[in-house]
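Each chain, letter by letter, is given below.
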Amino acid sequence: VNISDLGESGLIARLKTILPTASPDLLIGIGDDCAAIKLDDNRLLLATCDIQVEGEHFHRYYFTPYQIGRRALAVNLSDIAAMGGKPTFVFISLGLPPDLPTEDFDDLQRGIADIANEFGVIVAGGNLSRSPAGLIVDIFLLGETTSDRLLTRSGARPGDRVFVTGHLGASIAGLRLLQAIHANPDKSELAPRSSQLVTAHTQPTPRIAAGQAIAASGWATAMIDISDGLAADLGHLCEQSGVGAEIRQTSLPIPPELPEVAAAWGVSPLDLALYGGEDYELLFILKPDTSDAVIAAINESAGVTITEIGRILPKEDGCRLLSDSVARIPLPPRGWDHFSSPPYEVGGGVRGELKEDSRNP
Ligand SMILES: [Mg+2]
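Calculation criteria
Residues numbered from 1 in each chain as written. Predicted model: local features only at pLDDT ≥ 70, side-chain atom pairs only at ≥ 80, totals over all residues. Heavy atoms only, no water. Helix = DSSP H or I, 4+ residues; strand = E, 2+ residues; numbered from the N terminus. Buried < 20%, exposed > 50% of the residue type's maximum accessible area, 1.4 Å probe, protein only. Contact = heavy atoms within 4.5 Å. Areas by Shrake-Rupley, 256 points an atom, 1.4 Å probe, with all protein chains shown as cover. Pairing = 2+ DSSP bridges. Axes fitted to C-alpha atoms, helices over the stretch in contact; angles between N-to-C directions. Right-handed = clockwise from strand over helix to strand, strands pointing away. Expected span 1.5 Å × (residues − 1). Phe/Tyr/Trp six-rings, centres within 6.5 Å; stacked < 30°, edge-to-face > 60°. Lys NZ or Arg CZ within 6 Å of the ring centre and 35° of its normal. Core = buried A, V, L, I, M, F, W, Y, C linked by side-chain atoms within 4.5 Å. Salt bridge = Lys/Arg side-chain N within 4 Å of Asp/Glu carboxyl O.

Caption draft 1: Up close: the overall build of the chain. Counting secondary structure elements, the chain contains 11 helices and 13 strands. Taking all 361 residues of the chain together, the buried fraction comes to 50%. Nonlocal contacts in the chain, meaning residues at least 24 apart in sequence, comprise 82% of its contacts between residues at least 6 apart. Per element, the accessible surface of the chain, about 16000 Å² overall, is 53% carbon and sulfur.

Caption draft 2: Region of the structure containing the sheet that holds strand E13 (residues 328-330). Read across the open sheet, the 7 strands follow the order E8-E10-E7-E11-E9-E12-E13; overall the sheet is mixed. Both edges of this open sheet fall to strand E8 (220-225) and E13, since each of them pairs with a single strand only. Going from strand to strand, the sheet's axes swing by 30° on average, the running direction of each strand aside. One ladder, built from 4 bridges, connects strand E9 (residues 243-248) with strand E12 (residues 319-322); its direction is parallel. By the bridge assignment for E12, Ile247 is matched with Leu321. Along the sheet, helix H11 (residues 292-302) contacts strand E7 (161-165), strand E10 (282-286) and strand E11 (306-314); its crossing angle with E11, the most-contacted strand, is approximately 130°.

Caption draft 3: Representation of the pairing of strand E4 (residues 86-96) in the model. The pairing of E4 with strand E6 (residues 136-146) spans 8 bridges and is antiparallel. When the bridges of E6 are listed, Lys86 appears paired with Glu144. Pairing geometry for E4 and strand E5 (residues 122-130), over 8 bridges, is parallel. Bridge pairing in E5 places Gly95 opposite Ser129. In terms of handedness, the path from E4 via helix H3 (residues 102-118) over to E5 forms a crossover that is right-handed.

Caption draft 4: Focus on helix H2 (residues 65-82). With 18 residues, H2 extends 26 Å between its outermost C-alpha atoms, agreeing within 8% with the 26 Å of an ideal straight helix rising 1.5 Å per residue. Among the 18 residues in H2, 17 count as buried, and that is most of the element. Looking one or two places after H2, you find Gly84, whose phi comes out positive at around 75°.

Caption draft 5: Expanded view of the packing of aromatic side chains. Under the criterion given, the structure shown has 5 aromatic pairs. Between Phe163 and Phe284, the aromatic rings sit 5.4 Å apart at their centres with planes inclined by 15°, giving stacked as the arrangement. Pair noted here: Phe163 is in strand E7 and Phe284 is in strand E10, with a separation of 121 residues, a long-range link. Judged on exposure class, the residue Phe163 and its partner Phe284 are both buried. Each member of the aromatic cluster is reached from another via a ring pair, and the members are Phe58, Tyr61, Tyr62 and Phe63. Sitting over the ring of Trp219, Lys287 keeps its end group 5.7 Å from the ring centre.

Caption draft 6: Spotlight on the environment of Lys315. As for its placement among the helices and strands, Lys315 is situated in the loop between E11 and E12. Leave out the neighbours within four places in its chain, and Lys315 touches Gly242, Val243 and Gly244.

Caption draft 7: Region of the structure containing the sheet that holds strand E3 (residues 43-53). Taken together, 6 strands build an open sheet; the order of strands is E1-E2-E3-E6-E4-E5 and the sheet is mixed. In the strand order of this sheet, the two ends are held by strand E1 (26-28) and E5, each with one partner. On average, adjacent strands in this sheet sit at an angle of 20° to one another, irrespective of strand direction. Along the sheet, H3 makes contact with E4 and E6, crossing E4 at roughly 165°.

Caption draft 8: Fine view of the nonpolar core. Of all hydrophobic cores here, the largest spans 64 residues; its most connected members are Leu73, Val137, Ile139, Leu141 and Ile214. The element that contributes the greatest number of residues to this core is H2, accounting for 8 residues. Those residues in contact with Val137 that lie beyond four places of it in its chain are Asp50, Ile51, Gln52, Ile68, Ala72, Ser93, Leu94 and Leu108. In terms of nonpolar packing, the next biggest core, distinct from the first, is built from 27 residues, Val162, Leu230, Leu237 and Cys319 among them.

Caption draft 9: Seen up close, the pattern of salt bridges. In total, this model carries 11 salt bridges according to the counting rule given. For Glu118, the salt bridge is made with Arg70, and the minimal N-O distance between the two is 3.0 Å. Here the residue Glu118 occupies a position in helix H3, and Arg70 occupies one in helix H2, the gap between them amounting to 48 residues. The shortest N-O distance in the salt bridge between Arg311 and Glu246 comes to 3.5 Å.

Following this line, the structure appears as structure tokens:
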């Protein structure tokens, strides 16, 4: 047996049997978007880490060093957003290929600096190493919130309403465009028309303001950021809340550019929106009687459109999709898993490297 047989969740379950993971001050430990550590009766320290590995999370042929740095901090900021928190201090460990040009090193720092400045994050430390295996950016980010505002994955109840910020499926479509243009420069005419999709992948916007507005509203019961894909992250939230959910296909916020790109690869825009992943939008749950005024106020402060996409059901109903043909089909929590092989299963390989023969099946 090796790690690929267990998958990411199997590995986490295994390490929890070996490591010390419990403390009265650790209010939220392994298994949510961030850890929450009690500082006093009200204040909580949030902490999250995320590693970006060349060849696994990105390739240098379609990401600039600037984008790699910026994105590495963005995905950590997204986890602070998912707790409704305010980001504060960051530690950055870098594994550097010995032949990395110094201009690329500087551009990587500029990418981190720009998004750190945007969100008021201060670099407090880090670590440098040579990395013969490729570029590695490992980020440890701290944030803060208060115990009355803490939102986790586990508070959703049947009857609650399901919302998302922004669009779904843009990031995976942008990734496939970048791969296609690399494989066949003739396709580069696609890029300008789809620049929003490419930007969604290369420079995702962490929804910090939205997360804080949702948590401060007092009407939210649970929240998670969409890193693995809507279906997978809804599955995580439902599992930890002990509930099911129904998502309405016709309500999903699919970007206007997505159908054309999806058609070019013979995949459905719906598959990209449900299973694509790396959108770094927020999936959040509001109480059934949340007023239109509260929702409008969240929308106003969020800086991004929010969309109601479904409702929470009892656990025994499972997670399902109400399709446009009014059929109810099960929504398996499939999505990105770095340790399963192949790491994608959907729509003939939504997440895989683009193959010449899969472009027009
Ligand atoms: Mg997350």
